[in-house]
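Coordinate analysis (summary)
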Amino acid sequence: MTEIGSVTITVLVENTTERRGLLAEHGFAVLVEARGRKILFDTGAGRALLPNAEALGVDLASVSAVVLSHGHYDHTGGLKAFLEAHGPVDVYAHPDVFRERYSVKAGEEPRSTGIPWKRRELESWGARFNLERTMVMLGPGMFLTGAIPRLTEYEKTPEEFKTRSGSSWERDIVPDDQALVIHTARGLVVLLGCAHAGLINTLRHVRLVTGMTKIHAVFGGTHLRGASTERINRTIEALGEFGVDLIGVGHCTGFEACTALYREFGKRFHCMPVGTVFSLE
Ligand SMILES: [Zn+2]
Ligand SMILES: [Zn+2]
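Report follows, based on the coordinates. (Residues numbered from 1 in each chain as written. Chains lettered and ligands numbered in written order. Predicted model: local features only at pLDDT ≥ 70, side-chain atom pairs only at ≥ 80, totals over all residues. Heavy atoms only, no water.)

1. Looking at empty space enclosed by the protein
Going through the model one piece at a time under the given rule, you end up with one cavity of 30 Å³ or more. A volume near 30 Å³ is recorded for the largest cavity. What lines the largest cavity is simply Lys156, Thr157, Pro158, Ala195, His196, His223 and Arg231. Taken together, the residues of the lining of the largest cavity break down into two nonpolar, three polar and two charged. (1 Å grid on protein atoms, 1.4 Å probe; cavity = no way out; pocket = protein on both sides within 12 Å on 5 of 7 lines; lining within 4 Å. Points joined across faces, edges and corners; volume = space filled by probe spheres on them. Nonpolar A, V, L, I, M, F, W, Y, C, P; charged D, E, K, R; others polar.)

Right, here's the structure in full:
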């Protein structure tokens, strides 16, 4: 795989912000700039993407592709506003990104958590969907993993994630969840949406498909919020396999996992509030 010289990752939507004039929102979106190409990875829940890009002086007009890490509303909800502002664009995702999905908890009304629009609506607003279940090259040195096998026994999607099967509910393991991988001179850079496939499953799959062992950096949501202490500990122990130099997490990572990762990684650990820029050589 071709190495990419420098990579810049700018956080446009995240649950937190520490700077005046920026909006926090339960959601995630980052702009990836590599080899003169700009890729929007996820779009947030809808309200924060465009105002934050403007406040940060980030030009979204030159974005050449959008990637949807999975079909949850907090990653896809900004797509309409983006398309209206940008015009037609290639959108990469797994076909199950359009799955009807809900959060179903005892004693509560089921809550719709899927992509807020139909495929044909998004197409009428300019989305050109490239839907693949397997790995897709986005350019030299850059690819989307496709579906990630679920192999660890401690990384499970939450019980409340459901999809409809006829008139009953069925577990939704979010089969569409995938990561974006960039090959740099220092190793692989892995960008996660929520890592519903599991952080360790994701990194092991990346290692398997690339044949490369060194993961230089990991950024994004890890969905360890609400995870058991045992799962968090096992995740951190397994992370030792990859030689990660830099870890930036946020969105659905949760306080307990953040503090545990900070203890492990020290100054190599970063939160990623809106406006954070990671520049990698
Ligand atoms: Zn999600
Ligand atoms: Zn999320």
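2. Section: the nonpolar core
Formed by 30 residues in total, the largest nonpolar core has its most connected members in Ile215, Leu239 and Ile247. In terms of residue count, helix H7 (residues 255–265) provides more of this core than any other element does, five residues in total. Formed by 27 residues, the second largest nonpolar core is a distinct cluster that contains Val30, Ile182, Val189 and Leu246. (Core = buried A, V, L, I, M, F, W, Y, C linked by side-chain atoms within 4.5 Å. Buried < 20%, exposed > 50% of the residue type's maximum accessible area, 1.4 Å probe, protein only. Helix = DSSP H or I, 4+ residues; strand = E, 2+ residues; numbered from the N terminus.)

3. Focus on the sheet that holds strand S13 (residues 180–184)
Spatially, the seven strands line up as an open sheet ordered S9-S10-S13-S14-S15-S16-S17, and their pairing is mixed. Strands at the two margins of the open sheet, each flanked by one partner only, are strand S9 (136–139) and strand S17 (269–271). Between one strand and the next, the sheet's axes are offset by a mean angle of 20°, whatever the strand orientation. For S9 and strand S10 (residues 142–144), the ladder comprises three bridges, and the chain directions are antiparallel. Of the residues in S10, the one forming a bridge with Val136 is Leu144. (Pairing = 2+ DSSP bridges. Axes fitted to C-alpha atoms, helices over the stretch in contact; angles between N-to-C directions.)

4. A look at the coordination of the zinc ion (ligand 1)
With distances of 2.1 Å, the protein atoms coordinating the zinc ion (ligand 1) are His70 (NE2), His72 (ND1) and His196 (NE2). One chain supplies every donor to the zinc ion (ligand 1), and in sequence these donors are spaced H-x1-H-x123-H. Here the zinc ion (ligand 1) and the zinc ion (ligand 2) are spaced 3.5 Å apart. Highlighted residues: His70 in the loop between strand S4 (65–67) and helix H2 (73–76) and His196 in the loop between strand S14 (187–192) and helix H5 (199–210), separated in sequence by 126 residues. (Donors = N, O, S within 2.8 Å, 3.2 Å for Na, K, Ca; no water.)

5. Things to note about the environment of Leu261
By the secondary structure assignment, Leu261 is in helix H7. Residues Leu261 and Gly248, 13 residues apart in the sequence, show an inter-C-alpha distance of 9.7 Å. Those residues within four positions of Leu261 in sequence are excluded, and the remaining contacts are Ile236, Leu239, Ile247, Val249, Thr253, Gly266 and Phe269. (Contact = heavy atoms within 4.5 Å.)

6. Some points on the side chain of Thr157
Structurally, Thr157 is set in the loop between S10 and strand S11 (161–165). When sequence neighbours within four positions are dropped, the list of residues in contact with Thr157 reads Arg150, Arg171, Asp172, Ile173, Val174 and His196.

7. A look at the coordination of the zinc ion (ligand 2)
The zinc ion (ligand 2) binds to the protein through Asp74 (OD), His75 (NE2), Cys194 (SG) and His251 (NE2); the donor distances cover 2.0 to 2.3 Å. One chain supplies every donor to the zinc ion (ligand 2), and in sequence these donors are spaced D-H-x118-C-x56-H. The class of His75 is buried, set by a relative accessible area of 0%. By relative accessible area, His251 is classed as buried at 6%.

8. What about the packing of H5 against helix H6 (residues 229–239)?
Following both chains from N to C, one finds H5 and H6 inclined at 20°, their axes separated by 9 Å at the closest point. Relative to H6, H5 is oriented roughly parallel. When the axes of H5 and H6 are compared, the crossing they make is left-handed. Contacts between H5 and H6 involve Leu199, Ile200, Leu203 and Arg204 from the first element and Thr235, Ala238 and Leu239 from the second. Within the contact of H5 with H6, the residues separate by chemical class into five nonpolar, one polar and one charged. (Parallel < 35°, antiparallel > 145°, perpendicular 65-115°, else oblique. Left-handed = near helix turned anticlockwise from the far one by under 90°.)

9. Regarding the layout of surface pockets
For the largest pocket, the calculated volume is near 320 Å³. Considering the residues around the largest pocket, the lining is formed by 18 residues, among which His26, Arg111, Phe161, His223 and Arg225 are closest to the centre. The set of elements that each furnish at least two residues to the lining of the largest pocket consists of H2 and strand S6 (101–103). Here the second largest pocket defines a volume of roughly 200 Å³.

The values are spatial; any link to function lies outside them.
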